[in-house]
Structure formats: C-alpha cells, structure tokens
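Below, each chain spelled out in residue letters.
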Amino acid sequence: MSKMKAAFYERYGPPEVVQVRETEKPVPKENEVLIKVHAATVNRTDCGFRSAEYFIVRFFSGLFKPKNKILGCEFAGEIETTGKAVTSFKAGDRVLGYNDSKFGAHAGYMIMAEHDAISTIPPGISYEEAAPITEGGHYALCDIRAAKIKSGQEILVNGGTGAIGSAAIQLLKYFNTDVTAVCDTKSIALVKSLGASEVIDYTRQDFTKMNRKFDVVFDAVGKSIFGKCRPLLKDKGIYMSTELGYMSQNPFLAIITPMFGGKKVLFPIPSINKDDVIFLKNLAAAGKYKPVIDRSYSLDQIVDAYRYVETGQKVGNVIIKMSDLNNT
C-alpha cells in the first residue's frame, strides 16, 4: 500500500507528544472521498483534544488515550479518489472542510464522507487561504445564531485577534451590527480593518469598566467572566464565552440565568454541517469574510506550531502547509 506522512499523538499531553512518521494512506469507503491535504491548521480545538486539559474532552476522544491518533480538524485539499457511491464530488475537485469527530487533517491524506462538512473551494482562493475558513468561522457563527443577533444591535467582542474573534467581527459586520472589539495595541489597525467601529486596547483600558451598554458581550477568548461583564449588558443582554470559564461556571450559568428573565449567559454547543461550510466559503468568495493568517509551518514543524498557538499570542490562524510532503 502507498505511504504518507502524518502527525500522530499516542497519549495526551504537551506539544511534544506529537510525532511525525510514515503510515498507510487511507482507503475511502463507497460514500467517502480521499483528499490529498494541501493545507490544514493548528487551532484551539486541536490543542484541546491533544492536551485533554479539560477532562470532558476524554469522553469524546478516549478516556485513557486518544482513539483518533491524527489530529487536524480543518483542511483544504484536492480529491484524489471517490467511493463508487459518491455523486457530488469527483477526482481533481479542490475542497475545504471541517471534521472534529474523527480529525485526520495533519496528514498527507484524509478521508471525509460525501455528506459531511465539506464543499468545493471557490476560484481565486488558495489552499492556504481556504484551510482556515471553517474553525473560527463556525464557532463564531454558532454563537451569533444562538444569541439571535439582529441588525443594528451593539456587540462587544473580547479577543478580536483570535481565530474565533477575528471571524466574529467580520460575520457581525456582515449581519449589520455595531461591533466594539478588544485587542492589544499592535492589532488595533487590523481589528478596525475587519469591521470594528471601536477598538479597546486592553493594555491601556479595562474594557469591563466602560461606561457603555451592549446587547451582547462575546468573550471569544474566554478570559473574562459573566460577573465582570454583567455591568456592560443591557437589561436583557447576553454574555457568551468560548470557554467553560472560572471553575467551569459558564454551562451552569447558562442553565440558571435565563430563569430570571434578565441578563443571561449562553453557552451553545458548537456544531457544523455542509450548509455552514457553504455559507462561510460563499462569504469568502464574495470578499466579506477573510480568515486572518498569522504564520505557516510545515508538517515536520508541527510541534513548533502547537507551541506557538499555546502562547496565546497568535493573530488569527496558524497554517500547516503540506507542500513539503513526498507522498508516494
């Protein structure tokens, strides 16, 4: 059988548990496609499953050791072969997508089912530009929909430079809301260019002390808490976070706070399907959404990529380029 390179992790732990080695190229079933991966990302989802820092992750990935040993949830690549039952894709199609149930994108090749979260890449968008369209975008979209955000509302995004925050600003702009974003000094110009009407430099100002009210505070980095952000909310305002929060309080508050009819916490469980991928890639094709890219690494440098992502300093997305692989 043909071989490929892939980044494996046999146990939970720090970036160093990931090792690149050769393995067999996967074979698609009749309803699946085999994708030659050209670009992937290392993101918070990959880091969370690799470290299992939140123990709850193990209920999905394996209690004592990971059952899916190749991470990488978002990708862009070219379909090499299709199963005999596949009708909507053909060999040679350029595709992008997302898979956080089986992962597999940190490899030369991966498998996706035809009806999973996968779609063709629009003309004019490279593999490196297409790969980061889905992860931050679908997390942001899930929260925006959960909060039933409407045109004209005032939204605060804490963490405007992360993959989720930078996607959220652009999507909120698309939905015609007034966005205030929080970031550091060096990223102010970038965040304004994404669509924020006002930018708060957290190195100079505590955004929770602002004398202003918002319909929604979206904590896209999970570095604040409901208690601190509550004064920023309008009477029926919503606080959302991408993290469990201090002492895992956010899921609990999401159950309790709506009972009182005032300010509340939402903690939506993220999901993605083919329609979401199509929506995001169409926005990208129209120039209304462009994932921010920080830097790129080769697959052989993936441990360095993990280390960098976990510094918390990345701006947007970190790409893994597969062009260096010698697949046979």
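Our subject is the structure listed above.
Because the structure is predicted, anything quoted here is derived from the model rather than measured.

Visitor: Hey, could you run me through the nonpolar core in this one?
Guide: The nonpolar side chains of a soluble globular protein tend to be buried with one another. By size, the foremost hydrophobic cluster in this structure holds 83 residues, and its most contacted members are Ile35, Phe75 and Ile320. When neighbours within four sequence positions are excluded, isoleucine 35 is seen to be in contact with Phe75, Gly77, Glu78, Ile79, Val95, Gly108, Tyr109, Met110, Met112 and Ile118. Among the nonpolar cores identified, the runner-up in size contains 15 residues, and Leu156, Val182, Leu232 and Ala254 belong to it.

Visitor: Any chance you could explain unusual backbone geometry here in plain terms?
Guide: Excluding glycine, most residues fall at negative phi; most peptide bonds, likewise, are trans. Despite not being glycine, alanine 52 has its phi angle at roughly 50°, a positive value. Note on placement: alanine 52 falls in the loop between α1 (44-51) and α2 (58-61). For alanine 52, a relative accessible area of 6% gives the class buried. Even without being glycine, lysine 148 reaches a positive phi, approximately 50°. Note on placement: lysine 148 falls in the loop between α4 (135-146) and β8 (154-158).

Visitor: Hey, could you run me through the pattern of salt bridges in this one?
Guide: Side chains carrying opposite charge are able to pair once their charged atoms draw close together. All told, the structure shown has 19 salt bridges when counted by the stated rule. With its nearest N and O atoms 2.8 Å apart, the salt bridge here joins arginine 307 to glutamate 16. With arginine 307 in helix α10 (residues 302-309) and glutamate 16 in the loop between β1 (3-9) and β2 (18-24), the pair connects residues that are 291 residues apart, well separated along the chain. A salt bridge links glutamate 154 to lysine 234; its shortest N-O distance comes to 2.9 Å. Taken together, the residues glutamate 154 in strand β8 and lysine 234 in strand β12 (residues 233-241) connect sequence positions 80 residues apart. Owing to a relative accessible area of 27%, lysine 234 belongs among the partly exposed residues under this scheme. Taken together, the shared-partner salt bridges in this structure form one network comprising Glu154, Asp178, Glu198, Arg212, Asp215 and Lys234.

Visitor: Help me understand a nonpolar patch on the surface, please; the structure alone is not making it clear to me.
Guide: A contiguous nonpolar surface patch, about 830 Å² in accessible area, is contributed by Tyr54, Phe55, Ile56, Phe59, Phe60, Leu63 and Phe64. Structurally, the position occupied by phenylalanine 59 is in helix α2.

Visitor: Help me understand helix α5 (residues 163-174) in this model?
Guide: Because the α-helix completes a turn every 3.6 residues, residues three or four places apart line up on one side. A rise of 1.5 Å per residue sets the reference length of α5, with its 12 residues, at 16 Å; its end C-alpha atoms lie 17 Å apart and thus fit the reference within 8%. Buried residues of α5: Ala163, Ile164, Gly165, Ser166, Ala167, Ala168, Ile169, Gln170, Leu171 and Leu172, and no others. In the stretch just after α5, asparagine 176 is the one whose phi turns positive, near 65°.

Visitor: I would appreciate a short explanation of the side chain of asparagine 317 in the present structure.
Guide: Along the chain, asparagine 317 falls in strand β15 (residues 317-321). Here the side chain of asparagine 317 touches valine 292 through a polar contact of 2.7 Å, landing on its backbone oxygen. Leave out the neighbours within four places in its chain, and asparagine 317 touches Glu74, Pro132, Ala163, Pro291, Val292, Ile293, Asp294 and Arg295.

Visitor: Teacher, can you tell me more about the environment of serine 248 here?
Guide: Tracing the chain through its elements places serine 248 in the loop between β12 and α8 (249-256). Residue class for serine 248 comes out partly exposed when judged on its relative accessible area of 39%. Residues serine 248 and lysine 314, 66 residues apart in the sequence, show an inter-C-alpha distance of 24 Å.

Visitor: Would you mind showing me how to read the pairing of strand β9 (residues 178-183) here?
Guide: Successive residues of a regular strand alternate their side chains across the two faces of the sheet. The buried count for β9 comes to 5 of 6 residues, which makes it a mostly enclosed element. Here β9 pairs with strand β10 (residues 198-201) via 4 bridges, running parallel. Directly across from threonine 180, in β10, lies its bridge partner glutamate 198.

Visitor: Please clarify how the packing of aromatic side chains should be interpreted in this entry.
Guide: We describe a pair of aromatic rings using the distance from one ring centre to the other and the angle between the two ring planes. Applying the stated criterion across every chain yields a total of 6 aromatic pairs. An angle of 65° between the planes, with centres 6.2 Å apart, marks the rings of tyrosine 9 and tyrosine 12 as edge-to-face. With centroids separated by 6.4 Å and ring planes inclined at 10°, the aromatic side chains of phenylalanine 175 and phenylalanine 279 adopt a geometry described as stacked. Here phenylalanine 279 lies in helix α9 (residues 274-285) and phenylalanine 175 lies in the loop between α5 and β9, a separation of 104 residues in the sequence. Three or more aromatic residues link up through ring pairs in this structure, and these residues are Tyr174, Phe175 and Phe279. Between the NZ or CZ atom of lysine 25 and the centre of the ring of tyrosine 109, over which it lies, the distance is 4.3 Å. Lying across the ring of tyrosine 127, arginine 94 places its NZ or CZ 4.9 Å from the centre.

Visitor: So what exactly am I meant to see when it comes to α1 here?
Guide: When α1 is considered as a whole, its buried residues turn out to be Thr45, Asp46, Cys47, Phe49 and Arg50. For α1, the N-terminal cap is asparagine 43; the gap from its side-chain oxygen to the backbone nitrogen of threonine 45 is 3.1 Å. Just beyond α1, the residue with positive phi is alanine 52, at close to 50°.

Conventions used here
- Throughout, a residue's number is its position along its own chain's written sequence, starting from 1.
- Where local features are concerned, this predicted model is filtered to residues with pLDDT of at least 70; where side-chain atom pairs are given and counted, the filter is 80 or more; whole-chain, interface and lining totals use all residues.
- Just so you know, side-chain values use all the structure's heavy atoms and leave hydrogens and water out.
- What we call a nonpolar core is a set of buried Ala, Val, Leu, Ile, Met, Phe, Trp, Tyr and Cys residues that are connected through their side-chain atoms within 4.5 Å.
- Only protein chains enter the area calculation, which uses a 1.4 Å probe; residues under 20% of their type maximum are buried, those over 50% are exposed, and those in between are partly exposed.
- We call two residues in contact whenever any of their non-hydrogen atoms come within 4.5 Å of each other.
- Runs of H or I in DSSP of at least four residues are treated as helices and runs of E of at least two as strands, each being numbered from the N terminus.
- By convention in these notes, a salt bridge is any Lys or Arg side-chain nitrogen within 4 Å of a carboxyl oxygen on Asp or Glu.
- Within this analysis, patches are made of residues with over 30% relative accessible area and no salt bridge. Like charges are joined at 9 Å or less; nonpolar side chains (Val, Leu, Ile, Met, Phe, Trp, Tyr) at 5 Å or less.
- Note on areas: these come from Shrake-Rupley sampling with a 1.4 Å probe, and a residue is covered only by the protein chains present in the view.
- Helix span is expected to be 1.5 Å times the residue number reduced by one.
- Polar contact criterion, stated in full: a pair of N or O atoms within 3.5 Å, where within protein one must be able to donate a hydrogen and the other to accept it, and residues adjacent in sequence count only if both atoms are side-chain atoms.
- Two strands are counted as paired when DSSP detects at least two bridges linking them.
- Only Phe, Tyr and Trp rings are paired, with Trp represented by its six-membered ring, and only when their centres lie within 6.5 Å; those with planes under 30 degrees apart are stacked, over 60 edge-to-face, the remainder tilted.
- In this scheme, Lys NZ or Arg CZ marks a charge over a ring once it lies within 6 Å of the ring centre and within 35 degrees of the ring normal.

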